[in-house]
Amino acid sequence: MLFTTSEQFVVLTVVLLSGWLIGFASAPNAAKWKRRARAQADSYAAYHRDAEDKLRAAQQRATDLKDELASLCADHADAEQAIARLRSGAKHDVTPEVVPATVAPPHEPVVEADNGIPHARVDPRPGREDLTRIRGIDALLATRLFSLGLVRFEDIEKLSTADEVALEQRLALPAGLIARDEWRAQAAALRAGSADAPGENVETGALQAPEVPPPPPA
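Residues numbered from 1 in each chain as written. Predicted model: local features only at pLDDT ≥ 70, side-chain atom pairs only at ≥ 80, totals over all residues. Heavy atoms only, no water.

**Notes on the overall build of the chain**
Worth spelling out the cut-off: Every helix listed is a DSSP run of H or I at least four residues long, and every strand listed is a run of E at least two residues long, numbered separately from the N terminus. Each residue is placed in one exposure class: buried if its accessible area under a 1.4 Å probe, protein chains only, is under 20% of its type's maximum, exposed if it is over 50%, and partly exposed if it falls in between. The contact definition used throughout considers only heavy atoms, calling two residues in contact when any of these lie within 4.5 Å. Using a 1.4 Å probe, the Shrake-Rupley method yields the accessible areas, and only the shown protein chains count as cover for residues.
Each helix and strand counted, the chain has 6 helices and 2 strands in total. Ordering the α and β elements of the chain from the N terminus gives α-β-β-α-α-α-α-α. Expressed as a percentage of the 218 residues in the chain, the buried residues total 15%. Taking the contacts inside the chain whose residues are at least 6 apart along the sequence as the reference set, 34% of them involve residues at least 24 apart. Carbon together with sulfur atoms contributes 60% to the accessible area of the chain, which is approximately 17100 Å² in total.

**Notes on the nonpolar core**
Applicable threshold: Definition of nonpolar core: a set of buried residues of the types Ala, Val, Leu, Ile, Met, Phe, Trp, Tyr and Cys, connected through side-chain atoms within 4.5 Å.
Counting 20 residues, the largest nonpolar core has L131, I134, I137, L145, I156, L167 and W183 as the members making the most contacts within it. A total of 4 residues in this core trace back to one element, the largest contributor, which is helix α2 (residues 139–147). For W183, the contacting residues outside a window of four places in its chain are I134, R135, G136, I137, L141, L145, I156, L167, L173 and I178.

**Thoughts on helix α4 (residues 161–170)**
What counts, and what does not: Think of the arc as the fan of directions from the helix axis to the C-beta atoms.
Those residues of α4 not exposed but buried are E164, L167 and E168. For α4, the angular spread of the buried residues around the axis is 100°, confining them to a single face. Exposed positions of α4 whose direction lies more than 90 degrees from the buried face are A162, Q169 and R170. With its phi angle positive at about 55°, A172 sits one or two positions after the end of α4.

**A word on α2**
The set of residues buried in α2 consists of A139, L141, A142, L145 and F146. Mapping the buried residues of α2 onto a view down its axis gives an arc of 160°, with all of them on the same face.

**Quick word on the pattern of salt bridges**
For the record, the criterion: Within this document, salt bridges are pairs made up of a side-chain nitrogen of Lys or Arg and a carboxyl oxygen of Asp or Glu, the two lying within 4 Å of each other.
In total, this model carries 7 salt bridges according to the counting rule given. In this structure, K54 engages D50 in a salt bridge whose closest nitrogen and oxygen atoms are separated by 3.5 Å. Pair noted here: K54 and D50 are both in helix α1 (residues 6–93), with a separation of 4 residues, about one helical turn. Among the salt bridges present, the one from E157 reaches R191, with a minimum N-O distance of 2.6 Å. With E157 in helix α3 (residues 153–157) and R191 in helix α6 (residues 183–191), this pair connects stretches of sequence that are 34 residues apart. We classify R191 as partly exposed; its relative accessible area is 47%.

Spatial relationships are all this shows, so hold off on functional conclusions.
Okay, here's the thing in structure tokens:
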């Protein structure tokens with residue numbers, strides 16, 4: 001039977017005191033762990049609340065971005081429609097440009113001169129006169145004069161001395177050739193319709209040398 005001797009009671013007493021001491025010694029540690037657990041729970045609750053706040057803010061930002069994207073899409077569609085209207089109006093307003101057809105000038109016939117060198121035959125067109133009737137002007141030179149705007153006898157007649165010098169330089173003619181051949185005098189006579197134009201045969205249009213009067217009798 002238990003606890004029948006004094007030794008047993010002494011041992012029981014020692015055990016009870018030891019338990020009480022151990023319990024008393026361990027009681028503050030239990031409170032400390034409780035405080036730690038409570039602090040951990042509070043920290044987790046705060047983290048949870050902060051995470052929920054961030055999630056709600058992100059969701060709100062996503063909603064705002066969706067609304068902004070929808071607004072931009074609507075603006076883009078309006079801009080595309082405006083551009084389409086402008087292009088359509090521009091097509092109706094533009095008048096097609098008519099490019100005049102380029103007519104190539106007829107080829108001038110090539111004839112062979114007396115010296116065997118081929119050159120272009122003068123083909124006086126409306127407003128032009130046959131400048132080859134002037135002594136010293138052949139077909140090629142007449143064509144070059146036409147290109148410079150000298151197309152009528154009147155144009156040659158109105159040349160000044162300075163014009164003659166400039167024309168000789170432009171056409172690479174010997175200096176003083178126009179004055180020696182009397183282009184202006186011949187042009188004036190031809191314009192006036194004189195049959196006595198120097199250097200020309202009125203009937204055939206061929207160039208001839210001026211007649212030399214016979215020497216007086218000795």
